[in-house]
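Listed below are the residues making up each chain.
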Amino acid sequence: IKRHYTIITMEQLIDAVDNDTELPSKAALLTFDDAYRDHYAYVFPILLDQNVQGSFFPPARAIQEHIVLDVNKIHHVLASAPSPQDIVEEIYQILDRCRDEYGCESNEAYYTKFAVADRFDTADVIFIKRLLQRGLEEQLRGVVTNALFAKFVGVPESTFARELYMNVDQIKEMKEFGMHIGSHGFGHYWLDSLSMEQQELEITRSLDFLRGIEGGVDSWTMAYPYGGYNSDTIDLLKKH
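The structure presented is a predicted model; accordingly, all values stated were derived computationally and were not measured. (Residues numbered from 1 in each chain as written. Predicted model: local features only at pLDDT ≥ 70, side-chain atom pairs only at ≥ 80, totals over all residues. Heavy atoms only, no water.)

**Student:** What is the right way to look at the overall build of the protein in this model?
**Tutor:** The helix and strand inventory of the protein stands at 12 helices and five strands. On C-alpha atoms alone, the protein measures out to a radius of gyration of 20 Å, which is about the 18 Å that the 2.2 N^0.38 rule sets for 240 residues. For the protein, the spread of C-alpha atoms along the principal axes amounts to about 55 × 35 × 35 Å. Of all 240 residues assigned to the protein, the portion counted as buried reaches 44%. Put simply, of all contacts in the protein between residues at least 6 apart along the chain, 68% involve residues at least 24 apart. One way to put it: in the protein the 22 positive side-chain charges average out to a point 2 Å from where the 38 negative ones average out. (Helix = DSSP H or I, 4+ residues; strand = E, 2+ residues; numbered from the N terminus. Rg over C-alpha atoms; globule rule 2.2 N^0.38 Å. Buried < 20%, exposed > 50% of the residue type's maximum accessible area, 1.4 Å probe, protein only. Contact = heavy atoms within 4.5 Å. Lys, Arg positive; Asp, Glu negative; His and termini not counted. Charge placed at Lys NZ, Arg CZ, Asp CG, Glu CD.)

Below, the structure is given as structure tokens:
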């Protein structure tokens, strides 16, 4: 990357936006989402060695409450199960048990709605991801995802979370050595699937987390989980 681009800092980018200063030719900003422990163990030392800044966006709840994000539960279920078809069949069984309580649609209706293959994933994999990321209402989504994680991964969630994500001290250390720490929401939701009130809670709780890391949030940035945002998100970010 350094051979072909000029790696800039987040402060340079903020200055360019706020004051219309010029960025260098072929400017590149390095960003890393989700605060994986591997970022601290492997990425951070390389950035220090190369004397460049990375911008890291931790999802606050995963770190504070030692829970595994749904997106990561899905990743590890897919990696641990014998096949995607096994996961689909298990989802169907869970939905069959929950249908009366939650009033959910038929298995066939969900599959028709979400199982659309793309150039990266098969129809089964897309179905699993979309259903569990945003296709079910939140409480039922949690029931299904937790059951799949317990069956196919089989590691206590708090133990898994402590191994998967950085802790607060590691994030503070990266900040002290010049890395940029920004907001990635609190619960790592698709923001454009939330009401304005829910989005505001996501933003304010993530800012509380950043204050604990940085001591203040005068020049802060946000990376939208999954890239999802809408006009409400922009209005709230400007407000805060």
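**Student:** When you look at the pattern of salt bridges in this model, what are you seeing that I'm missing?
**Tutor:** Under the counting rule described, the total for this entry stands at nine salt bridges. Close ionic contact of E65 with R61 constitutes a salt bridge, the shortest N to O distance being 2.8 Å. Judged by its relative accessible area of 30%, R61 is partly exposed. Across the pair D121 and K129 runs a salt bridge, and its minimum N-O distance is 2.8 Å. (Salt bridge = Lys/Arg side-chain N within 4 Å of Asp/Glu carboxyl O.)

**Student:** It is not clear to me how helix 11 (residues 196-214) should be interpreted in this structure. Could you clarify?
**Tutor:** Structural remark: α-helix, 3.6 residues per turn; residues separated by three or four positions point the same way. An ideal rise of 1.5 Å per residue puts 27 Å on 19 residues; helix 11 measures up with 26 Å between its terminal C-alpha atoms. Those residues of helix 11 not exposed but buried are Q199, E202, I203, S206, L207, F209, L210 and I213. Looking down the long axis of helix 11, one finds its buried residues gathered within 160° of arc, a one-sided arrangement. Away from its buried face by more than 90 degrees, helix 11 exposes E197 and D208. The inward-facing, buried residues of helix 11 abut helix 3 (60-64), helix 10 (168-176), strand 5 (180-181) and helix 12 (231-239). At the C-terminal side of helix 11, G215 shows a positive phi close to 85°. (Expected span 1.5 Å × (residues − 1). Arc of directions from axis to C-beta.)

**Student:** Looking at this model, I keep getting lost on the packing of aromatic side chains. Mind explaining?
**Tutor:** Two numbers describe a pair of aromatic rings. These are the distance of the centres and the angle of the planes. Using the criterion set out here, one finds nine aromatic pairs in the structure. Plain terms: the ring middles of F44 and F177 are 6.1 Å apart, the flat faces sit at 70° to each other, and that makes the pair edge-to-face. On the criterion of sequence distance, the pair formed by F44 in helix 2 (residues 37-50) and F177 in the loop between helix 10 and strand 5 is long-range, its members being 133 residues apart. Each residue in the set Y40, F44 and F177 is aromatic and connected to the rest through ring pairs, giving one cluster. One residue, K151, lies across the ring of F152, its end atom 5.7 Å from the ring centre. (Phe/Tyr/Trp six-rings, centres within 6.5 Å; stacked < 30°, edge-to-face > 60°. Lys NZ or Arg CZ within 6 Å of the ring centre and 35° of its normal.)

**Student:** When you look at the sheet that holds strand 3 (residues 31-33) in this model, what are you seeing that I'm missing?
**Tutor:** The strand order 3-4-5 describes an open sheet built from three strands, whose pairing is parallel. In this open sheet, the two edge strands, each paired with only one partner strand, are strand 3 and strand 5. Pairing of strand 4 (residues 55-57) with strand 5, which is carried by two bridges, proceeds in the parallel orientation. Along strand 5, the bridge assignment pairs F56 with I181. (Pairing = 2+ DSSP bridges.)

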